[in-house]
Amino acid sequence: MRSTLRSPADALNFWLVVVGALVVTGIGLAAAHHMESAGHAATGMGHEVVWGLPHVFAIFMIVSASGVLNVASIGSVFGQPVYKPRAPLSGLLCLALLAGGLMVLMLDLGRPDRVLVAATHINPTSVFAWNVVLYSGMAAIVALYLWTMFERRMNPYSRAAGLAALVWRFVLTTGTGSIFAFLAARQAYASALLAPLFIVLSFGWGLAVFLVVQATMFAWEGERLDPAVQRRMARLLGIFIAASLYLVAVVHLTHLYHAKQVAFEAFILRDGGTYPLLFWGGYVVLGGLLPLVLLFHPSFGGERSTFAASALVVLGAFAWLYVFIIGGQVFPLEIFPGHQVSSSFGDGQVASYSPSLPELLLGLGGVGAAFLLTTVGVRVLDFMPQDDFAGVKHG
Amino acid sequence: MNTPGTPSRPSRRAFLGAAAATGATGAVLLAPGIQLVEVAQAAAPNAASAGGPGATALPGANPRVRWGLLIDTTKCAPGCTDCVSACRTEHGLPEPKRRTDVQWIRKIEIKAIDTGRQGSLPVMCQHCAKPPCVDVCPTGASFKRADGVVLVDRHLCIGCRYCMMACPYKARSFVHEPVTDQKPDAPRGMGCVESCTLCVHRIDAGHMAGGGSTACAEACTKAGHGAILFGDLNDPHSEISRRVKEIRSTVLRADLRVEPGVHYLGL
């Protein structure tokens, strides 16, 4: 077994990584405690931007959790041999990201001590309440799926569990997109396209996270990923990036078609300062076009280029979510169409938002928790993808 | 055995007895927001009118009534904030000094882009018949009473702020700082969302039947403007009903069809 052959230096490195992740998670928890004691006045949020940087982290992790499971689905449900050995890692990452994302989401509540109320009092018309069910269900199904993969006697049920996970993750990401899609009064949201957009974004973000983790694991073990496998996964990431860019463009073009939304689009795409910069520079160029070049240009496409492209996709995801979540809230609500308005409550003004340190630390704490779960999980159970090279080289 | 003069420790029998008695009228509180027994969720809105131990139980919110406001923007004086101050005093809200301070009601100055016509008007919770805040609230903390008043149950609010995202009127405030000097009729709490209650404590105390009004409407009348009128929109004989029938009023963001209970004249 791999674990019995480890050197003392390797064990030390493992514990150093675990301690590092624990420290980051602990700092995140301390930040959340500060936010709960001092109130959300300790954050940059206000009555305009009610969901700040923690939501950017949380939604990234939750959407990626759904997308990362794609790797398992392609293997188990669609029978692709390259992806099959990666299914357990895909499931573990899904659980870890889900846990990290939910940790941030729950600790950013005004009353995190009442989190159980969300489970005991469910309003059936609330998309948030649906998501409580969807997230817990997702964790249960993926845990079951992992069991069917690891327990030999349960192997025959693996495909069925994989199919259930596939269906559930589509519903889950639809639910996440719908959190925003149902906000009828907000110019930035209120679009049925947001559900499919989140699904497509999840494909790219999840695969990018998977590729970063996989490359790190192979580097740690001093092994090389088979070039054929690497090329296939890189190509798939490229397709997901292109599809995401296309759907994002469609959402904005749809908005631009409606006169009532032109002002918001002008703000977010041209006049809004940081937001257009993050959209075009962060998401489109760094998180979209550059990764496509790195993945498809004949001069690149190798292991390092794929890693860089994946890391850039993650960076672009944060940029896009920041623009989507924060930019969508700073733009003033149009309560009096056709009027200029002003008040002591920020009406008619573009709101300002500067994320505070506790917010950032809470977000990073969630990433730390996901990282910790992944690191420990990979060590305790055998999640390292074992490729049958003869079977995949010409696949 | 308990000795006289020392605080007695409740026996199990006494606890169970109290629990049973509580269960008959409400719920047993296990932890903040967690109730072991909950009877008739619909009765929750009556809690405001319960008036504490020994009080005679008042009938619940009257479903035949639709409380609302009519705001005549032609009478609303620019610069006057008497309604805002009265609301703050009535509910123990702090004077807004920081950007995070709550504002249940605010004055908005408006100017038509095409004609340049200017005006001034107060905006508060519009007490919609189809409130988006109630639809999105995951725990049911945001609720609409049978008489149309939209409220937040402070025991169920987890502070997710989804209602603030959903409200088309920016009518809700999140309590960002610890609260002090609370009024018994307006319980508040850090980490929860709150908004105009349409002075529900006055409604439940029966003040409205005697011609009473909300704090904001009262202050506006006292200031001599008479721009805010409170009343029952369902009662054909009420002044508010007569006026909305006679003069064309509008509601904010009528396109959203959330059917606000606050109507505006002269917009």
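Not measured: the values here are computed from a predicted model.

Criteria and cut-off values
- Residues numbered from 1 in each chain as written.
- Chains lettered and ligands numbered in written order.
- Predicted model: local features only at pLDDT ≥ 70, side-chain atom pairs only at ≥ 80, totals over all residues.
- Helix = DSSP H or I, 4+ residues; strand = E, 2+ residues; numbered from the N terminus.
- Buried ≥ 20, exposed ≤ 12 C-beta atoms within 10 Å, placed from the backbone.
- Contact = placed C-beta atoms within 7 Å.
- Rg over C-alpha atoms; globule rule 2.2 N^0.38 Å.
- Pairing = 2+ DSSP bridges.
- Axes fitted to C-alpha atoms, helices over the stretch in contact; angles between N-to-C directions.
- Nonpolar A, V, L, I, M, F, W, Y, C, P; charged D, E, K, R; others polar.
- Expected span 1.5 Å × (residues − 1).
- Parallel < 35°, antiparallel > 145°, perpendicular 65-115°, else oblique.
- Left-handed = near helix turned anticlockwise from the far one by under 90°.
- Domains from an automatic or database assignment.
- pLDDT = per-residue confidence, 0-100.
- Core = buried A, V, L, I, M, F, W, Y, C linked by C-beta atoms within 7 Å.

Our next topic: the overall build of chain B. For chain B, the helix and strand inventory stands at eight helices and eleven strands. Going through the 267 residues of chain B one by one, you find that 43% of them count as buried. Partitioning the contacts of chain B with sequence separation of at least 6, the portion at a separation of at least 24 is 59%.

So, about the overall build of chain A. Tallying secondary structure elements over chain A gives 14 helices and one strand in all. A compact globule built from 395 residues would reach a C-alpha radius of gyration of about 21 Å, and chain A, at 21 Å, matches this within 12%. Principal axes of the C-alpha set define a box for chain A whose edges measure 70 × 50 × 40 Å. Counting all 395 residues of chain A, 52% fall into the buried class.

Moving on, we get to the sheet that holds strand 4 (residues 106-112) of chain B. Strand pairing in a sheet takes place through backbone hydrogen bonds and is either antiparallel or parallel in direction. With respect to topology, three strands assemble into an open sheet ordered 1(A)-4(B)-5(B), the strand pairing being antiparallel. Of all the strands in the sheet, just strand 1 (339-343) of chain A together with strand 5 (118-123) of chain B have a single pairing partner and so form its edges. Each adjacent strand pair in this sheet contributes to an overall mean axis angle of 25°, direction not counted. As defined by bridge partners, strand 1 of chain A adjoins strand 4 of chain B across five bridges and the pair is classed as antiparallel. The partner of A:Val341 across the bridge, within strand 4 of chain B, is B:Ile110.

Contact with chain B, which involves 48 residues of that partner, is made by 40 residues of chain A. Elements that contribute at least two residues to the side of chain B that touches chain A include exactly strand 4, helix 4 (132-136), helix 5 (162-166) and strand 8 (173-174) of chain B. The dominant element in the side of chain B that touches chain A, judged by the number of residues it contributes, is strand 4 of chain B, at seven residues. Within the side of chain B that touches chain A, the residues separate by chemical class into 28 nonpolar, nine polar and eleven charged.

Looking now at the environment of B:Ile105. Checked against the element boundaries, B:Ile105 lands in the loop between helix 3 (82-91) and strand 4. Leaving out residues up to four positions away in the same chain, B:Ile105 has contacts with B:Cys83, B:Val84, B:Cys87, B:Pro122, B:Met124, B:Cys196 and B:Cys216.

Take the sheet that holds strand 11 (residues 262-265) of chain B next. All names here are of chain B. Strand order in this open sheet of three strands is 10-3-11, and the pairing throughout is mixed. Of all the strands in the sheet, the pair left with one neighbour each is strand 10 (228-232) and strand 11. Neighbour-to-neighbour, the strand axes of the sheet open up by a mean angle of 20°, direction not taken into account. Pairing of strand 3 (residues 67-72) with strand 11 involves four bridges; the strand directions are parallel. Across the sheet, Ile 71 pairs through a bridge with Tyr 264, a residue of strand 11.

On to helix 9 (residues 227-257) of chain A. Its 31 residues give helix 9 of chain A an end-to-end C-alpha distance of 45 Å, which sits within 8% of 45 Å, the value for a rise of 1.5 Å per residue. Among all positions of helix 9 of chain A, only A:Val229, A:Gln230, A:Met233, A:Ala234, A:Leu236, A:Leu237, A:Gly238, A:Phe240, A:Ile241, A:Ser244, A:Val248 and A:His255 are buried.

The next point concerns the packing of helix 7 (residues 158-181) of chain A against helix 8 (residues 194-221) of chain A. Residue and element names in this part refer to chain A. Between helix 7 and helix 8, the least distance of the axes is 7 Å, while the angle of their chain directions is 130°. The orientation of helix 7 with respect to helix 8, classified from their angle, is oblique. Both helix 7 and helix 8 take part in a crossing whose hand is right-handed. In contact with Phe 170, Thr 173, Thr 174, Thr 176, Gly 177, Ser 178, Phe 180 and Ala 181 of helix 7, helix 8 contributes Leu 194, Ala 195, Leu 197, Phe 198, Ile 199 and Ser 202. Considered class by class, the residues forming the contact of helix 7 with helix 8 number eight nonpolar, six polar and no charged.

Residue and element names in this part refer to chain A. In terms of domains, chain A is made up of domain 1 (11-181 + 357-377) and domain 2 (186-332). For domain 1 and domain 2, the distance between their C-alpha centres works out to 19 Å. Contacts between the two partners involve 30 residues from domain 1 and, on the opposite side, 30 residues from domain 2. If you list the elements that add at least two residues to the side of domain 1 that touches domain 2, you get helix 2 (53-68), helix 3 (70-76), helix 4 (87-107) and helix 7. The greatest single-element share of the side of domain 1 that touches domain 2, amounting to nine residues, is contributed by helix 2.

Averaged over every residue, the pLDDT of chain A is 92; residues scoring 70 or more account for 97%. Considering only residues more than four positions removed or in separate chains, one finds that residues 390-395 of chain A, a stretch of pLDDT under 50, has ten contacts.

This part is about the pairing of strand 5 of chain B. Residue and element names in this part refer to chain B. Relative to strand 5, strand 4 is paired through six bridges, and the arrangement is antiparallel. Within strand 5, the position partnered with Lys 107 by the bridge is Pro 122. In this antiparallel pair of consecutive strands, strand 4 and strand 5, the connection spans five residues, and Gly 116 shows a positive phi of 80°.

The next point concerns the nonpolar core. In terms of nonpolar packing, the biggest core is built from 194 residues, with A:Leu93, A:Leu237, A:Val323, B:Ile71 and B:Ile228 touching the most fellow members. The residues touching A:Val323, leaving out its near neighbours within four places in the chain, are A:Ile268, A:Tyr275, A:Leu278, A:Phe279 and A:Tyr283.

Attention now goes to the packing of helix 9 of chain A against helix 10 (residues 259-271) of chain A. Two packed helices can be described by the angle between their axes and the distance between those axes. Residues and elements named next belong to chain A. As a packed pair, helix 9 and helix 10 sit with axes 7 Å apart at the nearest point and diverge in direction by 140°. Relative to helix 10, the element helix 9 lies oblique. Residues His 252, His 255 and Leu 256 of helix 9 touch helix 10, and the partners they reach there are Gln 261, Val 262, Glu 265 and Leu 269. Considered class by class, the residues forming the contact of helix 9 with helix 10 number three nonpolar, three polar and one charged.

Okay, the environment of A:Ala195 next. All names here are of chain A. Its location among the elements puts Ala 195 in helix 8. Sequence spacing of Ala 195 and Thr 174 is 21 residues, and the spatial spacing of their C-alpha atoms is 4.6 Å. Residues contacting Ala 195, with those up to four places away along its chain left out, are Thr 174, Gly 177, Ser 178 and Ala 181.

So, about unusual backbone geometry. All names here are of chain B. One non-glycine residue, Asp 181, lies in positive phi territory at about 50°. Structurally, the position occupied by Asp 181 is in the loop between strand 8 and strand 9 (193-194). Non-glycine residue Glu 259 carries a positive phi angle of around 50°. Along the chain, the position of Glu 259 falls in the loop between helix 8 (239-246) and strand 11.

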